[in-house]
Number of protein chains: 2
Amino acid sequence: MSKNKNHTDMILGPNLGDRSLVSTISGQDQKGKISDFTVIEERPLSIFLNSQEIVTAMTIGDYPEYLALGFLRNQNLLKSEDQITRIDYDDDLKAVIVRTENETNYEQKLKRKIRTSGCAVGTVFGDMMESIEEVNLPICEVRTSWLYTLSRQINQIKSLYLEVGAIHGTVLCKEDKALVYMEDVGRHNAVDKIAGWMFHNKSEAVDKILYTTGRLTSEMIVKCANMGVPVLVSRSGFTAWGVELAKTTNMTLIGRLRGNRFTCLSGADRLVYDVDLKEKND
Amino acid sequence: MSKNKNHTDMILGPNLGDRSLVSTISGQDQKGKISDFTVIEERPLSIFLNSQEIVTAMTIGDYPEYLALGFLRNQNLLKSEDQITRIDYDDDLKAVIVRTENETNYEQKLKRKIRTSGCAVGTVFGDMMESIEEVNLPICEVRTSWLYTLSRQINQIKSLYLEVGAIHGTVLCKEDKALVYMEDVGRHNAVDKIAGWMFHNKSEAVDKILYTTGRLTSEMIVKCANMGVPVLVSRSGFTAWGVELAKTTNMTLIGRLRGNRFTCLSGADRLVYDVDLKEKND
């Protein structure tokens, strides 16, 4: 649970209290001085859908249930109408099993795909892209004051990133408020955990903004679109295909948000410039 | 080919001349000003080994042959003794096919794995980890002067990263010289391209240093170990499992190299401190 007392709107924050997420390792610095360094953990987690093993993800290890649920949703292997009957996490096996009431369409899909390519990597990729063509996100106003407030706020929230580095964060926001902040070694995992949290809590997507510390690559845009979140914001940069997919799905895509600067490469007509930058240092 | 005339030791450098690797997109900044922004391309590339589709990678698109060759080598799907008869790249299909004289062990492996898990993601992961247990890298001296020279040099080499950002770089080095500099949207692709170049050119690994802009996660250490390169250096941080794998394989692992600072978490006894830091600004 969050230790960030001053961010009272936050529902779930970085897992600072869980010391199993970091390790202390003895090392040597540029002067030859030996001391202890704290580094982030990285562990394999196998995700099963019913009896089918889907993927092994490398993760820091917190919220395995949300990660599994969000991954399966974002890959379109679980539909919104699928009834989850149980989610079991086995700490010894480092495996999480998501069970549904009925057989999902994945079991059939996999059989078919194995005959054609024999490779589930392609299958997973294909499933993800397949779903995005139907996505048409609603038009939502985005105030520039929200962006500046969120950016400042998220940079100040105590996180594993600030403590040990080498990880990414994804934050589910509403207007200028950070609600759920997840971290992981991969930016994809962090966003999958948010998706899992949203699916589990039946959180509405249309009024939300997703903030990520990672780059706006195609996979991030596809995940955000599959989650139904109409605004994706990052402090990092873009890829051309990411921008194309954002335009296709009607997503507002804002990158390079640092200080009072940003670049909007999709949906700029929804921006409301409610901050006078002349009064601020740029 | 490299446009970096002042780095005369460099054999192959960032592909600045190839304008198909970037795209110009109209966007809007924090002041509402509309202008053109240059962003990196991102395209799917399907990698085949003989008749078997192995993976679809997201890549900027240069050196598809090196990427395919390096990926297959680093995943242990191609052995050093496998004879490559042909590599075909099809620009329309965005596919590269690596052909070997004899059937590789992958065809058999895949059949077996499908029966157990049905998922090639796990297979690919398993193959990669399987090979690392046998790796025992040779002990190589690393002078701190090399690290400082490499860091300064690599930061100054003209690159797509300096031009458009949002990509990673991997540089094959020898002592204090950068030899081959590859870039890609994923740090894994950049290192796979280096591996492909090394395999194709029969480049010796034991006297090399690999520099990456990306984090030192388990997958990066496994790839470097499979390549036989005994020293891995990054400007970014570590994960605990990455450090553990570096120790297991006898790799010298240096992270957070910025200015005159660095952290060594494996193989520090091979460092030769030949720079007096008192004479330098820290």
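Quick caveat: nothing in here was measured; it's all calculated off a predicted structure.

### Considering the domain arrangement of chain A
All names here are of chain A.
Right, so step 1: Along its sequence, chain A is organised into domain 1 (43-132) and domain 2 (142-279).
Right, so step 2: Every contact between the two is made by 24 residues of domain 1 and, on the other side, 25 residues of domain 2.
Right, so step 3: Buried area between domain 1 and domain 2, both sides added, is near 1900 Å², and the carbon and sulfur share of it is 69%.
Right, so step 4: Per-residue buried area on domain 1 facing domain 2 is highest for Tyr 66, Asn 74 and Ile 132; these three make up 34% of the total on that side.
Right, so step 5: Taken together, the connections running from domain 1 to domain 2 amount to 1 salt bridge.
Right, so step 6: We note a salt bridge from Lys 193 to Asp 62, for which the minimum N-O separation is 2.4 Å.
Right, so step 7: Taken together, the connections running from domain 1 to domain 2 amount to 6 residue pairs in polar contact (both at pLDDT 80 or more).
Right, so step 8: It is helix 1 (residues 64-74) that provides the largest number of residues to the side of domain 1 that touches domain 2, a total of 7 residues.
Right, so step 9: Partitioned by chemical class, the residues of the side of domain 1 that touches domain 2 number 14 nonpolar, 6 polar and 4 charged.

### Considerations on the packing of helix 1 (residues 64-74) of chain B against helix 6 (residues 187-200) of chain B
Residue and element names in this part refer to chain B.
Right, so step 1: At a closest axis distance of 6 Å, the pairing of helix 1 and helix 6 adopts a crossing angle of 90°. As the angle between them shows, helix 1 and helix 6 are arranged roughly perpendicular. Within the contact between the two elements, helix 1 uses Tyr 66, Leu 67, Leu 69, Gly 70, Phe 71, Arg 73 and Asn 74 and helix 6 uses Asn 189, Val 191, Asp 192, Lys 193, Ala 195, Gly 196, Trp 197, Phe 199 and His 200.
Right, so step 2: Looking at side-chain class alone, the contact of helix 1 with helix 6 contains 8 nonpolar, 5 polar and 3 charged residues.

### Here we look at the side chain of Arg43(B)
Residues and elements named next belong to chain B.
Right, so step 1: Here Arg 43 shows up in strand 3 (residues 43-49).
Right, so step 2: A distance of 2.6 Å separates a polar atom in the side chain of Arg 43 from the backbone oxygen of Ser 20.
Right, so step 3: If we ignore the near neighbours within four places in the chain, the residues touching Arg 43 are Ser 20, Leu 21, Ala 57, Met 58, Thr 59, Ile 60, Gly 61 and Lys 94.

### Re the sheet that holds strand 8 (residues 168-174) of chain A
The strands making up a sheet are joined through hydrogen bonds of the backbone, oriented either antiparallel or parallel.
Right, so step 1: Overall, mixed pairing links the 8 strands, which are arranged 9(A)-8(A)-10(A)-11(A)-12(A)-13(A)-1(B)-2(B) in an open sheet. Across the chains shown, the open sheet's two edge strands, defined by having one partner strand only, are strand 9 (177-184) of chain A together with strand 2 (34-40) of chain B. Put simply, the sheet's adjacent strands are angled 30° from each other on average, direction ignored.
Right, so step 2: Contacting strand 8, strand 9, strand 10 (209-212), strand 11 (231-234), strand 12 (252-258) and strand 13 (261-266) of chain A, helix 4 (residues 144-156) of chain A runs over the sheet at an angle of about 45° to strand 9 of chain A.
Right, so step 3: The strands that helix 7 (residues 218-227) of chain A touches are strand 10, strand 11 and strand 12 of chain A; relative to strand 11 of chain A, the one it contacts most, it runs at about 145°.

### What about the interface of chain A and chain B?
Right, so step 1: Of the residues lining the interface, 58 residues belong to chain A; the matching set on chain B comes to 58 residues.
Right, so step 2: Carbon and sulfur atoms supply 60% of the area buried between chain A and chain B, which totals about 4500 Å² over both sides.
Right, so step 3: The interface formed by chain A and chain B holds 0 salt bridges in total.
Right, so step 4: Where the side of chain A that touches chain B is concerned, the elements lending two or more residues are strand 1 (22-29), strand 2 (34-40), strand 4 (52-59), helix 2 (106-116), helix 3 (120-132), helix 8 (240-249) and strand 13 of chain A.
Right, so step 5: Residues belonging to the side of chain A that touches chain B are distributed by class as follows: 29 nonpolar, 19 polar and 10 charged.

### Some remarks on the pairing of strand 4 (residues 52-59) of chain B
All names here are of chain B.
Right, so step 1: Summarising burial for strand 4: 8 of the 8 residues are buried, a large majority.
Right, so step 2: One ladder, built from 7 bridges, connects strand 3 with strand 4; its direction is antiparallel. Counterpart to Ile 47 in the pairing with strand 4 is Val 55.
Right, so step 3: Taking the residues that link successive antiparallel strands as the turn, the strand 3-strand 4 hairpin has 2 residues, and the phi of Asn 50 there is positive, at about 50°.

### Considering the confidence of the model for chain A
Residue and element names in this part refer to chain A.
Right, so step 1: Summary statistics for chain A give a mean pLDDT of 89 and a share of 87% for residues scoring 70 or more.
Right, so step 2: Confidence drops under pLDDT 50 across residues 112-123; counting only partners more than four residues distant or on other chains, this segment forms 25 contacts.
Right, so step 3: As a predicted assembly, this complex carries a pTM of 0.91 together with an ipTM value of 0.90.

### Re the pattern of salt bridges
Residue and element names in this part refer to chain A.
Right, so step 1: For the structure on display, the rule yields 22 salt bridges over all chains.
Right, so step 2: As a salt-bridge pair, Asp 207 and Lys 174 come within 3.2 Å of each other at their nearest N and O atoms. A residue pair is termed long-range when its members are at least 10 positions apart, and Asp 207 in the loop between helix 6 (187-200) and strand 10 and Lys 174 in strand 8 qualify at 33 residues.
Right, so step 3: On the basis of relative accessibility, which here comes to 28%, the residue Asp 207 falls in the partly exposed class.
Right, so step 4: Via salt bridges that share partners, Asp 62, Asp 184 and Lys 193 belong to a single interconnected network.

### Remarks on the state of the cysteines
Residue and element names in this part refer to chain B.
Right, so step 1: Tallying each qualifying case throughout the model produces 0 disulfides over all chains.
Right, so step 2: The cysteine Cys 173 is free of any disulfide, with Cys 224 supplying the nearest cysteine sulfur at 11 Å.
Right, so step 3: Here Cys 264 is not cross-linked by a disulfide; its sulfur's nearest cysteine counterpart is in Cys 224, at 13 Å.

### With respect to the packing of aromatic side chains
Right, so step 1: One pass over the full model with this rule turns up 5 aromatic pairs over all chains.
Right, so step 2: Each residue in the set Tyr148(A), Phe262(A) and Tyr273(A) is aromatic and connected to the rest through ring pairs, giving one cluster.

### Description of the relation of the copies chain A and chain B
Right, so step 1: When chain A is fitted onto chain B, the two copies agree to an RMSD of 0.0 Å after a turn of 180° and an axial shift of 0.0 Å. When the rotation and shift are considered jointly, the pair of chain copies conforms to a two-fold rotation axis.
Right, so step 2: Interface overlap between copies is the fraction of interface residues in one copy that are interface residues in the other; for chain A against chain B it reaches 100%, indicating a shared surface.

### Digging into the side chain of Thr217(A)
Right, so step 1: Its place among the elements puts Thr217(A) in the loop between strand 10 and helix 7.
Right, so step 2: Filtering out sequence-adjacent residues up to four positions away, Thr217(A) remains in contact with Arg187(A), His188(A), Thr239(A), Gly242(A) and Glu42(B).

### A closer look at the pairing of strand 11 of chain A
Residue and element names in this part refer to chain A.
Right, so step 1: Burial of strand 11 is two-sided: the residues Val 231 and Val 233 facing one way and the residues Leu 232 and Ser 234 facing the other way are all buried.
Right, so step 2: Note: strand 10 against strand 11, 4 bridges, orientation parallel. In the sheet register, Tyr 211 faces strand 11, and the bridge partner there is Val 233.
Right, so step 3: Crossover strand 10 to strand 11 through helix 7 is right-handed.
Right, so step 4: Crossover strand 11 to strand 12 through helix 8 is right-handed.

What counts, and where the lines are drawn
- All residue numbers refer to position in the chain's written sequence, counted from 1.
- The order in which chains are written sets their letters, starting at A; the order in which ligands are written sets their numbers, starting at 1.
- Reporting of local features is limited, given that this is a predicted model, to residues whose pLDDT is at least 70; pairs of side-chain atoms are given and counted only at 80 or more, and all residues count toward the totals for whole chains, interfaces and linings.
- Each side-chain value is worked out from all heavy atoms of the structure, with water and hydrogens disregarded.
- Where each domain starts and ends comes from a domain assignment, either automatic or drawn from a database.
- Contact definition: two residues touch when any of their heavy atoms are within 4.5 Å.
- Buried area: the sum, over both parts, of the accessible surface (1.4 Å probe) that disappears when the two are put together.
- For salt bridges, the criterion is a side-chain nitrogen of Lys or Arg within 4 Å of an Asp or Glu carboxyl oxygen.
- Any pair of N or O atoms that falls within 3.5 Å is considered a polar contact. Within protein, one atom must be able to donate a hydrogen and the other to accept it, and sequence-neighbouring residues count only if both atoms are side-chain atoms.
- Note on conventions: DSSP H or I runs of at least 4 residues are helices, E runs of at least 2 residues are strands, and numbering of each starts at the N terminus.
- In the scheme used here, Gly and all other residues not listed as nonpolar or charged are polar, with Ala, Val, Leu, Ile, Met, Phe, Trp, Tyr, Cys and Pro taken as nonpolar and Asp, Glu, Lys and Arg as charged.
- For every element, the axis is a line fit to its C-alpha atoms; helices are fit only across the contacting stretch, and the angle between N-to-C directions ranges from 0 to 180 degrees.
- The cut-offs work like this: below 35 degrees is roughly parallel, past 145 is roughly antiparallel, 65 to 115 is roughly perpendicular, and the gaps in between are oblique.
- Strand pairing follows a simple DSSP-based rule, namely that at least 2 bridges must link the two strands.
- A 1.4 Å probe rolled over the protein chains alone gives each residue an accessible area, and that area as a share of the maximum for its type sets the label: buried under 20%, exposed over 50%, partly exposed in between.
- For every residue, the predictor reports its confidence as pLDDT, a number between 0 and 100.
- For the purposes of this analysis, a disulfide is any pair of cysteine sulfur atoms at a distance within 2.5 Å.
- Centres within 6.5 Å are what make two rings of Phe, Tyr or Trp a pair, Trp counting through its six-membered ring; a difference in plane orientation under 30 degrees is then read as stacked, over 60 as edge-to-face, and the rest as tilted.
- C-alpha atoms of residues with pLDDT of at least 70 in both copies form the basis for the least-squares superposition of the copies.
- With the strands aimed away from the viewer, a crossover counts as right-handed if its path from the first strand over the helix to the second runs clockwise.

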